[in-house]
Amino acid sequence: MDAKNCVARLAICAFALTLISFCRTVDAADANGYSAAYECRAGGPQCNVDVATYTARACDQILTPSTGPIYNWSALSPDRDVNGDGFVVICLQPGDYTARGPLTFGGSNGASTNRKVLRCAKTDGTACDDPWRVTSADRARLKRIIVQAKNYWILHRLAVDGGGISDSAVAFRDQSSNNIVSRMLVENAGSGSWGLIDFSAWVGSMTRANTGIGNTEVVPQFKTSR
């Protein structure tokens, strides 16, 4: 092969690789080429929210299972913005938080351009792995989450085990809207008309993305609007 043909072929290969990379960036396809239409991501056709960027922000508050008081959630500060960037990111390190009882959100709402985040974070502040991929010890494990009349929250990579309760393990109530449940493991809850995750009749728009659910009724993964 002469030098001219070699350069031409390298240029074609480089263009092809660039095109492949561009396509994957645009449609966010997974390793099998599948794109979730309702997944929340930058440029998503149904949910244009850059969850990856929001959940990668530095923690404003870090709680551990031993952060006192250990029998309630009063240590959690939903309006605490210590980084001064206008965002609130609350991080739970892996461990068992179930003795604190249900977590009911207080504080003010987030906003469409300023969402609040509750996520699992390792001791160095980096994101936890997907809870269904790791052992129980490497998850932030909660008993129940109730989002009561709160908007623009992202719940990310948390594990919620209802322990067999008949009610929902994660519940959105009283016109809570524009909240995102992302890459969570929710199990052992719900019976009858109650599913694992409850989007009540009075909930506004809601999205659940990439969430593992099991051991009871399965709530389909889709975006709902009131």
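Predicted, not measured: the structure shown is a model, and the values here were computed from it.

Calculation criteria
Residues numbered from 1 in each chain as written. Predicted model: local features only at pLDDT ≥ 70, side-chain atom pairs only at ≥ 80, totals over all residues. Heavy atoms only, no water. Buried < 20%, exposed > 50% of the residue type's maximum accessible area, 1.4 Å probe, protein only. Helix = DSSP H or I, 4+ residues; strand = E, 2+ residues; numbered from the N terminus. Pairing = 2+ DSSP bridges. Disulfide = S-S within 2.5 Å. Phe/Tyr/Trp six-rings, centres within 6.5 Å; stacked < 30°, edge-to-face > 60°. Lys NZ or Arg CZ within 6 Å of the ring centre and 35° of its normal. pLDDT = per-residue confidence, 0-100. Contact = heavy atoms within 4.5 Å. Salt bridge = Lys/Arg side-chain N within 4 Å of Asp/Glu carboxyl O. Core = buried A, V, L, I, M, F, W, Y, C linked by side-chain atoms within 4.5 Å.

Peer 1: What's the story with the pairing of strand E10 (residues 170-173) in this structure? I'm lost.
Peer 2: The side chains of a regular strand alternate between both faces of the sheet. By the alternation rule, side chains of E10 split into Val170 and Phe172 and Ala171 and Arg173, which are all buried. Examined bridge by bridge, strand E7 (residues 145-148) and E10 share 4 bridges and lie parallel to one another. Following the sheet pairing, Gln148 is matched in E10 by Arg173.

Peer 1: I'm lost on the state of the cysteines in this one. Help?
Peer 2: Such a bond, covalent and formed between the sulfur atoms of two cysteines, is termed a disulfide. This model, assessed by the stated rule, comprises 3 disulfides. Between the sulfur atoms of Cys59 and its disulfide mate Cys91 the distance is 2.1 Å. Judged by the sign of its S-S torsion, about -90 degrees, the cystine formed by Cys59 and Cys91 is left-handed. One end of the pair, Cys59, is in the loop between helix H2 (51-54) and strand E1 (61-63); the other, Cys91, is in strand E2 (residues 89-92), and 32 residues separate them in sequence. Judged by relative accessible area, Cys59 falls into the buried class, the value being 16%.

Peer 1: Help me out: how do you make sense of the packing of aromatic side chains in this one?
Peer 2: Here a ring pair, both rings aromatic, is described through the centre-centre distance and the interplanar angle of the planes. Scanning the model with the defined rule gives 3 aromatic pairs in all. Relative to Tyr97, the ring of Trp73 lies with its centre 5.7 Å away and its plane at 15 degrees, an arrangement referred to as stacked. With Trp73 in the loop between E1 and E2 and Tyr97 in the loop between strand E3 (95-96) and strand E4 (103-104), this pair connects stretches of sequence that are 24 residues apart. The cationic tip of Arg100 hangs over the ring face of Trp73; the distance from NZ or CZ to the ring centre is 5.4 Å.

Peer 1: Please clarify how the pairing of strand E5 (residues 116-120) should be interpreted in this entry.
Peer 2: E5 sits mainly inside the fold: 5 of its 5 residues count as buried. Here E5 shows no split at all, with Lys116, Leu118 and Cys120 on one side and Val117 and Arg119 on the other all buried. Sheet topology places E5 next to strand E8 (residues 153-156); 4 bridges connect them, and they run parallel. Across the sheet, the residue bridging to Val117 is Ile154, located in E8.

Peer 1: Honestly, the confidence of the model for the protein chain in this entry has me stumped. Any pointers?
Peer 2: Any segment with low pLDDT has predicted coordinates that should not be analysed in fine detail. The predicted model of the protein chain averages 76 in pLDDT, with 69% of residues at 70 or higher. Within the protein chain, no element has a lower average pLDDT than helix H1 (residues 3-27), which sits at 34, and none a higher one than E3, at 98. For the stretch residues 3-27, pLDDT sits under 50, and the model shows 6 contacts to residues farther than four places along the chain or on other chains. The low-confidence segment residues 212-226, where pLDDT is below 50, has 47 contacts with residues more than four positions distant or belonging to other chains.

Peer 1: What am I meant to see in the pattern of salt bridges here?
Peer 2: If the charged atoms of two oppositely charged side chains come close together, the side chains can form a pair. Counting across every chain of the model gives 9 salt bridges. Among the ionic pairs, Asp79 bridges to Lys116, the shortest N-O distance being 2.5 Å. Of this pair, Asp79 sits in the loop between E1 and E2 while Lys116 is found in strand E5, placing the two residues 37 residues apart along the sequence. For Asp79, a relative accessible area of 42% corresponds to the partly exposed category.

Peer 1: What is the right way to read the nonpolar core from this model?
Peer 2: Across soluble globular proteins, you tend to see nonpolar side chains buried next to one another. Ranked by internal contacts, the top residues of the largest apolar core, which has 30 residues, are Leu92, Leu118, Ile145, Leu155, Leu158, Val170 and Met184. The set of elements that each furnish at least two residues to this core consists of E2, E5, strand E6 (140-142), E7, E8, E10 and strand E12 (185-189). Residues Cys40, Val51, Tyr54 and Val117 belong to the second largest nonpolar core, which totals 13 residues.

Peer 1: So what exactly am I meant to see when it comes to unusual backbone geometry here?
Peer 2: With the exception of glycine, the majority of residues adopt a negative phi angle, and the majority of peptide bonds are in the trans configuration. Between Gly68 and the following residue, Pro69, the backbone shows a cis peptide bond with an omega angle of -10 degrees. Tracing the sequence through the fold places Pro69 in the loop between E1 and E2. A positive phi angle, close to 55 degrees, is found at Ala149, a residue other than glycine. By the element assignment, Ala149 lies in the loop between E7 and E8. The phi dihedral of Arg183 is positive, around 50 degrees, even though this residue is not glycine. With respect to the element layout, Arg183 can be found in the loop between strand E11 (179-182) and E12.

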